[in-house]
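# Topology and contacts: notes
As a plain string of letters, each chain reads:
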Amino acid sequence: MKISAFLAALCLPLGGLAHAQLTGAGEADDVARELEAAPVNANAADADPWEGFNRKMFAINDTFDRTLMVPAAKTYRAVTHKKQRKGIRNFIANLRTPVILVNDILQGEFGRAGETAGRFVINSTIGFGGMGDPAERLGIAQHSEDFGQTLAVWGVGSGPYVVLPFFGPSTVRDSFGSAFDAAADPAIWVRTPPAKYFRYSRTGVGLLSAREPLIEPLNDIQSDSLDFYASIRSFYLQSRMREINNGRTTFEDLPDIGEFEEFEELE
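Structural notes, computed from the coordinates. Just so it is clear, the structure is predicted and the values come from calculations on it, not from any experiment. As a convention, each chain's residues are numbered from 1 in the sequence order in which they are written. Only residues with pLDDT of 70 or above have their local features reported here, since the model is predicted, and side-chain atom pairs are shown and tallied only from 80 upward, although totals for entire chains, interfaces and linings are computed over all residues. Only heavy atoms go into the side-chain values, all of them from the structure, while hydrogens and water stay out.

## Here's the deal with the overall build of the protein chain
To keep it simple, the criterion reads: We count a stretch as a helix when DSSP gives it H or I for four or more residues in a row; a strand needs E for two or more, and each element gets its number in order from the N terminus. We call a residue buried when its accessible area falls under 20% of the maximum for its residue type, exposed when it is over 50%, and partly exposed in between, using a 1.4 Å probe and counting protein chains only. By definition in these notes, contact holds between two residues if any of their heavy atoms fall within 4.5 Å.
Scanning the protein chain for helices and strands turns up 12 helices and two strands. Starting at the N terminus and ending at the C terminus, the protein chain contains elements arranged as α-α-α-α-α-α-α-α-β-β-α-α-α-α. A buried classification covers 48% of the 267 residues belonging to the protein chain. Partitioning the intrachain contacts of the protein chain with sequence separation of at least 6 by distance along the chain shows that 76% fall at a separation of at least 24.

As structure tokens, then:
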């Protein structure tokens, strides 16, 4: 088996915790910081009516994550330099630009669509194929869009929170959105051996790249939290609310999910 196929086979079922909203280089770093401040969610019956099933699936995902994904991410960190890892996250984010562009347009966010197209052209050319991010330095900030967000903008309710086998936190709406985003990826429709190995490599490296910056934050939260599951659920629901509103929101309009316990700032 080719090494790229092996990486994909190892990492594809291990998205788990790292899968949630880690689609770009800057986002991975932002998520690490936000996880440090994630509040404990003590009671979310309205948002999480399937909590019994979700907790069991979360435990399964967490076991896979700790036994396979974390060691793989640590190995990845050991054999790469920080600048290389940043470049890889930039590259993966740039590859996802067509899906973001489609969703910008579907949401009627034509200004943001122009920014997305501009970022892709700039980073794909003078950014060495996306390894660099000169667009950011030119004032064109990165943002993420997906079809789950598009459905929300169209007025589709989120449905219950659900922890998917191997793929981690989601909602019913976001689960359907992820399937659309996969179908909208141009690379999935090219049926040649090089394209197949490219997809395998992108999947494996992308998951490792997403998981690596979260090794310490997730480990510390798991150690310090009274309820690791509730903390991750709270983070996911809040981050999705902010993304749907393109950052133009606070979390005040989330459902009442009980008393919050703030984590101490992590190192």
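Let us keep going from here.
## Some details on the packing of helix α3 (residues 51-79) against helix α11 (residues 215-224)
The condition that has to hold: An axis is simply a line fitted to the C-alpha atoms; with a helix, the fit covers only the stretch in contact. Between two such axes, the angle follows the N-to-C directions and lies from 0 to 180 degrees. Working rule for handedness: look at the near helix, and if it is turned counterclockwise from the far one by less than a right angle, call the crossing left-handed; if clockwise, right-handed. Throughout, the ten residues Ala, Val, Leu, Ile, Met, Phe, Trp, Tyr, Cys and Pro are labelled nonpolar, Asp, Glu, Lys and Arg are labelled charged, and all others, Gly among them, are labelled polar.
It is the contact of α3 with α11, at a shortest axis distance of 11 Å, that shows an interaxial angle of 145°. Read as a crossing pair, α3 and α11 show a hand that is left-handed. Taken together, the residues of α11 that come into contact with α3 (itself represented by Asp62, Arg66, Ala73, Lys74 and Arg77) are Ile215, Glu216 and Gln222. Broken down by class, the residue content of the contact of α3 with α11 amounts to two nonpolar, one polar and five charged.

## A closer look at the pairing of strand β1 (residues 161-164)
So the rule is basically this: Strand pairing follows a simple DSSP-based rule, namely that at least 2 bridges must link the two strands.
In this structure, β1 lies alongside strand β2 (residues 168-171), joined through four bridges in antiparallel fashion. By the bridge assignment for β2, Val162 is matched with Ser170. With antiparallel pairing between neighbouring strands as the criterion, β1 and β2 make up a hairpin whose turn holds three residues, including Phe166 at a positive phi of roughly 75°.

## Observations concerning the pattern of salt bridges
The line we're drawing: A carboxyl oxygen of Asp or Glu within 4 Å of a side-chain nitrogen of Lys or Arg is what we treat as a salt bridge.
Inspection of the entire model under this criterion finds 18 salt bridges. For the salt bridge of Glu212 with Arg85, the shortest nitrogen-to-oxygen distance reads 3.4 Å. Of this pair, Glu212 sits in the loop between α10 (193-211) and α11 while Arg85 sits in helix α4 (residues 82-95), and the two are 127 residues apart along the sequence. Look at the salt bridges and you will find they share partners, linking Asp48, Glu51, Arg55, Asp227 and Arg233 into a network.

## So, helix α12 (residues 228-244)
Heads up, the rule is: The length a helix should cover is 1.5 Å for every residue beyond the first. Polar contacts, as used here, are pairs of N or O atoms within 3.5 Å; protein pairs need one atom able to donate a hydrogen and one able to accept it. Residues neighboring in sequence count only if both atoms are side-chain atoms.
Along its 17 residues, α12 runs 24 Å from first to last C-alpha, staying within 8% of the 24 Å computed at 1.5 Å per residue. Of all 17 residues in α12, 16 are buried, a share of seventy percent or more. The N-cap residue of α12 is Asp227: its side-chain oxygen and the backbone nitrogen of Tyr229 are 3.3 Å apart. Of the residues one or two after α12, Asn246 is the one with positive phi, at around 55°.

## With respect to the nonpolar core
Across soluble globular proteins, nonpolar side chains show a tendency to be buried alongside one another. The test is simple: Each nonpolar core is a collection of buried residues, namely Ala, Val, Leu, Ile, Met, Phe, Trp, Tyr and Cys, held together in the definition by side-chain atoms within 4.5 Å.
Counting 13 residues, the largest nonpolar core has Phe58, Tyr161, Val163 and Phe228 as the members making the most contacts within it. Counting residues per element, the ones that place at least two in this core are α3, β1, α11 and α12. For this core, the element with the most residues is α12, which contributes five residues. One finds Ala72, Tyr76, Ile92 and Leu207 within the second-largest nonpolar core, a separate group that totals seven residues.

## Here's the deal with the side chain of Thr171
If you trace the backbone, Thr171 turns up in strand β2. When residues no more than four places from it in sequence are discounted, the contact partners of Thr171 are Ser158, Gly159, Pro160, Tyr161, Val162, Tyr236 and Leu237.

## Here's the deal with a nonpolar patch on the surface
Note the cut-off: Patch membership needs two things, relative accessible area over 30% and no salt bridge, and members are linked within 9 Å if like-charged or within 5 Å if nonpolar (Val, Leu, Ile, Met, Phe, Trp, Tyr). Using the Shrake-Rupley algorithm and a 1.4 Å probe, accessible areas are obtained, with residue cover drawn only from the displayed protein chains.
Together, Val102, Leu106, Val153, Trp154, Val156 and Phe180 give the surface a local cluster of nonpolar side chains, amounting to about 460 Å² of exposed area. Looking at the element boundaries, Trp154 is found in the loop between α8 (147-153) and β1.

## Looking at unusual backbone geometry
Phi at Phe128 takes a positive value of approximately 55°, unusual for a residue other than glycine. Residue placement: Phe128 occurs in the loop between α6 (110-125) and α7 (134-137). Overall, Phe128 belongs to the exposed group, its relative accessible area being 69%. The phi dihedral of Phe166 is positive, around 75°, even though this residue is not glycine. Tracing the sequence through the fold places Phe166 in the loop between β1 and β2.

## Focus: the environment of Gly130
Inspection of the secondary structure assignment puts Gly130 in the loop between α6 and α7. As a C-alpha pair, Gly130 and Phe91 span 39 residues in sequence and 4.6 Å in three-dimensional space. The contacts of Gly130, once residues within four sequence positions are left out, are Gly87, Asn90, Phe91, Asn94, Asn123 and Ser124.

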